[in-house]
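# Architecture at a glance
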Amino acid sequence: MTQPDERPRRAICKNRRARRDYFIEDTYEAGLVLLGTEVKSLRQGRANLSDAYVRPRNGELFLVKAHIAPYEPARDNHEPERERKLLMSQREIVKLGVKLRERGYTLVPLEMYWSGSYAKVTLGLARGKRAYDKREAVAKRDIERQLRRVVKRERRRQ
């Protein structure tokens, strides 16, 4: 029997916007409680996490605004943006609840993937970026890109 850490990860979707809009300070893994048609739709890769976030309620965590498209062949389908319960150990949920009560922290989904036959989501404990932080990140990325071009050009000359 393989350990959960040894299972291959097959990505379903990623939230690229999260890394642009937030400083990710810590990451966590959580399981998802899904309906049958949601699983079928995820197998087709029809999910979107761009506007999603996690909300704690009554000692549990819920994934909110994550879009899983309806499964076309199904007669009775699921609601695409329903709240989905996340599965984590109670100790981690309490620890996250304390952090989320601090000003400026939020919990955003970064990636949804298959771990064996289980659908999992990677959550990031995040702090929002200001506009000047985003400009700074773009400028840094441009400088690195120019540096790579210069290095590549110099290698060609040799």
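Residues numbered from 1 in each chain as written. Predicted model: local features only at pLDDT ≥ 70, side-chain atom pairs only at ≥ 80, totals over all residues. Heavy atoms only, no water.

### Points about the overall build of the protein chain
Defined as follows: Starting at the N terminus, helices and strands are each numbered in turn, a helix being any DSSP run of H or I of at least four residues and a strand any DSSP run of E of at least two. The quantity called the radius of gyration is restricted to C-alpha atoms. Its globule counterpart is 2.2 Å times the number of residues to the power 0.38. We call two residues in contact when some of their heavy atoms are within 4.5 Å. In short, Shrake-Rupley with a 1.4 Å probe defines the accessible areas, and a residue's cover is counted only from the protein chains shown. Positive: Lys, Arg. Negative: Asp, Glu. His and the chain ends are not part of the count. Charge coordinates come from a single atom per side chain, which is NZ of Lys, CZ of Arg, CG of Asp or CD of Glu.
Check the secondary structure of the protein chain and you find four helices and nine strands. Listing the helices and strands of the protein chain from first to last along the sequence gives β-α-β-α-β-β-β-β-β-α-β-β-α. In terms of overall dimensions, the protein chain is more spread out than a globule: its C-alpha atoms have a radius of gyration of 19 Å, far above the 15 Å expected for 158 residues. Based on the C-alpha atoms only, the size of the protein chain along its principal axes is roughly 60 × 40 × 35 Å. Long-range contacts, defined here as pairs at least 24 residues apart, represent 68% of the contacts in the protein chain between residues at least 6 apart. Taken as a whole, the protein chain presents about 10900 Å² of accessible surface, with 47% of it coming from carbon and sulfur. When the 39 positive and 22 negative side-chain charges of the protein chain are each reduced to one mean point, those points stand 5 Å apart.

### A look at unusual backbone geometry
In this model, N58 sits at a positive phi of 55°, which is unusual for a non-glycine residue. Here N58 shows up in the loop between β4 (53–57) and β5 (60–64). Even without being glycine, K65 reaches a positive phi, approximately 65°.

### What to know about the pairing of β4
Quick reminder of the rule: Strands pair, by our definition, only if DSSP identifies at least two bridges between them.
In the sheet, β4 pairs with β5 via five bridges, with the strands oriented antiparallel. Within β5, the position partnered with Y53 by the bridge is V64. Between the end of β4 and the start of β5, which pair antiparallel, lie two residues, with N58 showing a positive phi angle near 55°.

### Some details on the side chain of N15
Operational definition: A 3.5 Å cut-off defines polar contacts: any pair of N or O atoms within that distance qualifies, except that in protein one atom must be a possible hydrogen donor and the other a possible acceptor, and neighbouring residues in sequence count only when both atoms are side-chain atoms.
Its place among the elements puts N15 in the loop between β1 (9–14) and α1 (16–21). From its side chain, N15 meets the backbone oxygen of L49 in a polar contact 3.0 Å long. There is a polar contact of 3.0 Å between the side chain of N15 and the backbone oxygen of P109. Ignoring anything within four residues of it in the chain, the contact list for N15 reads L49, S50, P109 and L110.

### Notes on the sheet that holds strand β7 (residues 84–87)
What counts, and what does not: Angles run from 0 to 180 degrees between N-to-C directions of axes, and those axes are lines fitted to C-alpha atoms, restricted for helices to the stretch in contact.
Pairing is antiparallel in the open sheet, where seven strands are placed in the order β1-β8-β9-β2-β7-β5-β4. This sheet does not close on itself; its edge strands, each paired only once, are β1 and β4. Taking the axes of each pair of neighbouring strands and ignoring which way they run, one obtains an average angle of 45° across the sheet. Where strand β2 (residues 22–32) meets β7, two bridges bridge the pair, whose relative direction is antiparallel. Counted as the bridge partner of L32 is L86 from β7. On the sheet, helix α2 (residues 36–43) packs against β1, β7, β8 (105–115) and β9 (118–128) and is oriented at approximately 75° with respect to β8.

### Observations regarding the pairing of β9
Formally: Whether a residue is buried, partly exposed or exposed follows from its accessible area with a 1.4 Å probe, protein chains only, as a fraction of its type maximum: under 20%, in between, or over 50%, in that order.
Most of β9 is tucked away, with eight of its 11 residues classed as buried. Alignment of β2 against β9, held across nine bridges, turns out to be antiparallel. Looking at β9, one finds that I24 is bridged to A126. One ladder, built from 10 bridges, connects β8 with β9; its direction is antiparallel.

### Here's the deal with the packing of aromatic side chains
Our working definition: Only Phe, Tyr and Trp rings are paired, with Trp represented by its six-membered ring, and only when their centres lie within 6.5 Å; those with planes under 30 degrees apart are stacked, over 60 edge-to-face, the remainder tilted. By the criterion adopted, a ring carries a charge over it if an Arg CZ or a Lys NZ lies within 6 Å of its centre and within 35 degrees of its normal.
In this structure the tally under the stated criterion is zero aromatic pairs. In this structure, R43 packs its charged tip against the face of W114, placed 4.0 Å from the ring centre. Note that R127 overlies the ring of Y105, its terminal NZ or CZ placed 4.1 Å from the centroid.

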